[in-house]
Amino acid sequence: QLQASGGGSVQAGDSPRLSCAASGRTFSRYVMGWFRQAPGKEREFVAAINWSGGITYYAGSVKGRFTISRDNAKNTVYLQMNSLKPEDTAVYYCAARWRNTIEIRTTEYDSWGQGTQVTVSS
């Protein structure tokens with residue numbers, strides 16, 4: 001199970017951090033990803049990180065502003081979001097993939113968290 005937290009209403013330019021806690025003893029063997037879905041839009045890839053944390057990949061819209069990281073000892077993956085813009089407003093989901101290759105397609109992830117709302121006002 002995945003439990004995302006850390007969302008809320010923020011101002012443009014703020015830097016909140018999302019967390020996603022995973023249950024189970026095999027967290028360190030999952031690729032973890034963050035996705036988001038804005039109202040009326042499809043769910044889109046944001047960032048992903050491999051098992052060890054040594055490889056990360058970002059969507060172009062967030063590259064340079066967001067940072068994904070993980071702490072395998074705490075079974076948690078993070079998404080540090082900097083310089084937020086109103087267009088970053090969405091429900092953010094964490095997801096786990098039971099293979100050590102990073103993918104951006106939602107269909108390639110095996111387990112999903114419930115989502116946390118991030119609303120950015122200007």
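Residues numbered from 1 in each chain as written. Predicted model: local features only at pLDDT ≥ 70, side-chain atom pairs only at ≥ 80, totals over all residues. Heavy atoms only, no water.

**Student:** Help me understand the side chain of Glu103 in this model?
**Tutor:** By the secondary structure assignment, Glu103 is in the loop between β9 (90–97) and β10 (111–112). A distance of 3.2 Å separates polar atoms of two side chains, one belonging to Glu103 and the other to Arg105. Every residue in contact with Glu103, bar those within four places of it in the chain, is listed here: Phe45, Arg97, Glu108 and Tyr109. (Helix = DSSP H or I, 4+ residues; strand = E, 2+ residues; numbered from the N terminus. Polar contact = N/O pair within 3.5 Å; in protein donor to acceptor, adjacent residues only side chain to side chain. Contact = heavy atoms within 4.5 Å.)

**Student:** What am I meant to see in unusual backbone geometry here?
**Tutor:** Trans peptide bonds make up the majority, and among non-glycine residues the majority have a negative phi. With phi around 50 degrees, Asn75 is a residue other than glycine that occupies positive phi space. Tracing the sequence through the fold places Asn75 in the loop between β7 (66–71) and β8 (76–81). Residue Asn75 is classed as buried on the basis of its relative accessible area of 18%. Non-glycine residue Ser83 carries a positive phi angle of around 50 degrees. For Ser83, a relative accessible area of 43% puts it in the partly exposed group. (Buried < 20%, exposed > 50% of the residue type's maximum accessible area, 1.4 Å probe, protein only.)

That's the geometry; what it means functionally is another story.
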